[in-house]
Amino acid sequence: MPRNRAWQTDGVWERIESALVAQADAAGKIGWRVSVDSTTCRAHVHAAGARKDSPQLVEGEPEDHALGTSRGGWSTKVHAAVDAACGMLAGVLTAGQVADCPMMIPVLQAIRVKRPAKGRPRTRPQMVLADKAYSSKANRDWLRNHHIKATIPIKADQAANRRAKGSAGGRPPAFDPIAYKDRNAVERCFGQLKQNRAMATRYDKLAVRYQATTHIASIDHWLKRLT
């Protein structure tokens, strides 16, 4: 079995990335003002042809192999939570046509940064920054229930509906335009990760293999942060 596949199957790439993130956090190098967004990665023709029974044969493989058709063509979408210095804290794969909004909570739930001493890993950002695509009542309620500050601009139709209700519509959600300027960290993160050509264009037939590719691209970032 090729080393890359063996290490993916054994979870080695994920453990290496997790260890580096934990080391960075212990050194105080992680900014917990987290940005959430997604990037679409075109799928090469070589990504086609995975066996139809592979979800049963390969643990964790989704039935659609995280491949679908969007405006960008046949693609995979990488949803990520990124710290203030452009390091990926969590990433979730979906098919290219999947909407961003419902993926905010799964991405944030995937953040698990181990602490030096024994105990529960850190999972809660101080603040979440996201564009208006993530502005939904469900997302805002989840963030509020988990005591996480949110800086997400409201959509025009949502603002209009609130105003139409008058006093019953309540106050508009808080928005910090200064803090929102830091949301570009997630765009810069994607730009850095896509320096790895195997991530910028998906060649892997299986989603679990491509997920390993995202870990490898992220490992490169964290190694540079720690040197």
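Residues numbered from 1 in each chain as written. Predicted model: local features only at pLDDT ≥ 70, side-chain atom pairs only at ≥ 80, totals over all residues. Heavy atoms only, no water.

Under an unreviewed UniProt entry, the name given to the protein is Transposase IS4 protein, and the organism recorded is Actinomyces succiniciruminis.

Trainee: Give a detailed account of the overall build of the protein, specifying residues and quantitative values.
Mentor: Scanning the protein from N- to C-terminus turns up 10 helices and seven strands. A globule of 227 residues ought to have a C-alpha radius of gyration of about 17 Å, and the protein, at 19 Å, matches this closely. Put simply, the protein has 227 residues, and 45% of those count as buried. Taking all contacts inside the protein whose residues are at least 6 apart in sequence as the whole, residues at least 24 apart take part in 65%. With an accessible surface of roughly 12,500 Å², the protein has 52% of that area assigned to carbon and sulfur atoms. Distance between charge centroids for the protein: 4 Å, based on 37 positive and 20 negative side chains. (Helix = DSSP H or I, 4+ residues; strand = E, 2+ residues; numbered from the N terminus. Rg over C-alpha atoms; globule rule 2.2 N^0.38 Å. Buried < 20%, exposed > 50% of the residue type's maximum accessible area, 1.4 Å probe, protein only. Contact = heavy atoms within 4.5 Å. Areas by Shrake-Rupley, 256 points an atom, 1.4 Å probe, with all protein chains shown as cover. Lys, Arg positive; Asp, Glu negative; His and termini not counted. Charge placed at Lys NZ, Arg CZ, Asp CG, Glu CD.)

Trainee: Would you mind going over the packing of helix α1 (residues 3-10) against helix α2 (residues 12-26) in detail, with residue names and values included?
Mentor: The N-to-C vectors of α1 and α2 enclose an angle of 65°; their axes lie 5 Å apart at closest approach. Compared by their axis directions, α1 and α2 come out roughly perpendicular. Here α1 contributes Asn4, Trp7, Gln8 and Asp10 to the contact with α2, which in turn contributes Val12, Trp13, Arg15 and Ile16. Grouping the constituent residues of the contact of α1 with α2 by class yields four nonpolar, two polar and two charged. (Axes fitted to C-alpha atoms, helices over the stretch in contact; angles between N-to-C directions. Parallel < 35°, antiparallel > 145°, perpendicular 65-115°, else oblique. Nonpolar A, V, L, I, M, F, W, Y, C, P; charged D, E, K, R; others polar.)

Trainee: Let's hear about the nonpolar core: which residues, and what values?
Mentor: Of all hydrophobic cores here, the largest spans 29 residues; its most connected members are Leu89, Met104, Leu108, Ile111 and Leu143. For this core, the secondary-structure elements that each account for two or more residues are α2, β1 (33-43), β4 (88-95), α4 (104-109), α5 (137-145) and α10 (207-226). Discounting chain neighbours no more than four positions away, the residues touching Met104 are Val128, Ala130, Tyr134, Asn139, Leu143 and Ile152. Ranked by size, the runner-up nonpolar core spans 17 residues in total, among them Met88, Ala185, Leu193 and Ala207. (Core = buried A, V, L, I, M, F, W, Y, C linked by side-chain atoms within 4.5 Å.)

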